[in-house]
Amino acid sequence: MFFKPRRFTLVAFPDLKHIDSGVILEVGTGNGSNVVPLLEQTPPSVTIWATDVSRRALEIVGEQLEKEHFHTIDGQGWRDRVSLFQYDAVRGVVGELDS
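Right, let's walk through the structure included here. Every chain is numbered on its own, with residues counted from 1 as its sequence reads. With pLDDT at 70 or above as the cut-off, local features in this predicted model cover only qualifying residues; side-chain atom pairs require 80 or more to be listed or tallied, and sums for whole chains, interfaces and linings still use all residues. Calculated side-chain values reflect all of the structure's heavy atoms, with hydrogen atoms and water omitted.

**Overview of the pattern of salt bridges**
Every case where a carboxyl oxygen of Asp or Glu lies within 4 Å of a side-chain nitrogen of Lys or Arg is listed as a salt bridge. This model, assessed by the stated rule, comprises 4 salt bridges. A salt bridge links R56 to E63; the nearest nitrogen and oxygen atoms lie 3.1 Å apart. Buried means the residue's accessible area, taken with a 1.4 Å probe over protein chains only, is under 20% of the maximum for its type, while exposed means over 50%, and partly exposed covers the values in between. What makes R56 partly exposed here is its relative accessible area of 43%. It is possible to trace a salt-bridge network through shared partners that takes in R55, R56, E59 and E63.

Given below as structure tokens:
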């Protein structure tokens, strides 16, 4: 089975939990199953750039984060730490989703 539990990324790459600052680039965000654990387990100084070729997939990620009223460990809203970008590896950045 290809699907991995949403916490798989932090199991496979445990060093992600220990970074102090910077940017995590996720290519192929899909349903965003990595975004929430990364937000929950990294400090506020870490920003997540989530990309996918599907604009609709990215919209769904944003809608789910809004619907769940997701807040990061320091109480900030998710928009302070996540940027959603539609990205096509052949054509480059297609566009940033409006916040």
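Next comes the rest of the account.
**Quick word on the pairing of strand β2 (residues 46–52)**
What counts as a helix is a DSSP run of H or I of at least four residues, what counts as a strand is a run of E of at least two, and both are numbered from the N terminus. When you tally the buried positions in β2, you get 5 out of 7 residues, the bulk of the element. Pairing between strands requires that DSSP locate at least two bridges from one strand to the other. With 6 bridges joining them, strand β1 (residues 22–27) and β2 adopt parallel strand pairing. Each residue of the ladder has a partner; that of G22, found in β2, is V46. Look down the strands so they point away from you; if the path from the first strand over the helix to the second goes clockwise, the crossover is right-handed. Read as a crossover between parallel neighbours, the route from β1 over helix α2 (residues 35–41) to β2 is right-handed. Of the pairings in the sheet, the one linking β2 to strand β3 (residues 82–88) comprises 5 bridges and is parallel in character. If you follow A50 over to β3, its bridge partner there is L84.

**Brief notes about the packing of aromatic side chains**
Side-chain rings of Phe, Tyr and Trp, where Trp is taken by its six-membered ring, are said to pair if the distance between their centres is within 6.5 Å; with planes under 30 degrees apart they count as stacked, over 60 as edge-to-face, and otherwise as tilted. Applying the stated criterion across every chain yields a total of 1 aromatic pair. Between the aromatic rings of W49 and F85, the centroid separation amounts to 6.3 Å while the plane-to-plane angle is 70°, which identifies the pairing as edge-to-face. Taken together, the residues span a long stretch of sequence, with W49 in strand β2 and F85 in strand β3 at a distance of 36 residues.

**Observations regarding helix α3 (residues 55–67)**
What a helix should span is 1.5 Å times the count of its residues minus one. Between its terminal C-alpha atoms α3 stretches 18 Å, which fits the 18 Å expected from 13 residues at 1.5 Å a residue. The set of residues buried in α3 consists of A57, L58, V61, G62 and L65. Along the long axis of α3, the arc covered by the buried residues comes to 140°, so they all point the same way. Starting at the helix axis, one direction is taken to each C-beta atom, and the arc is that of these directions.

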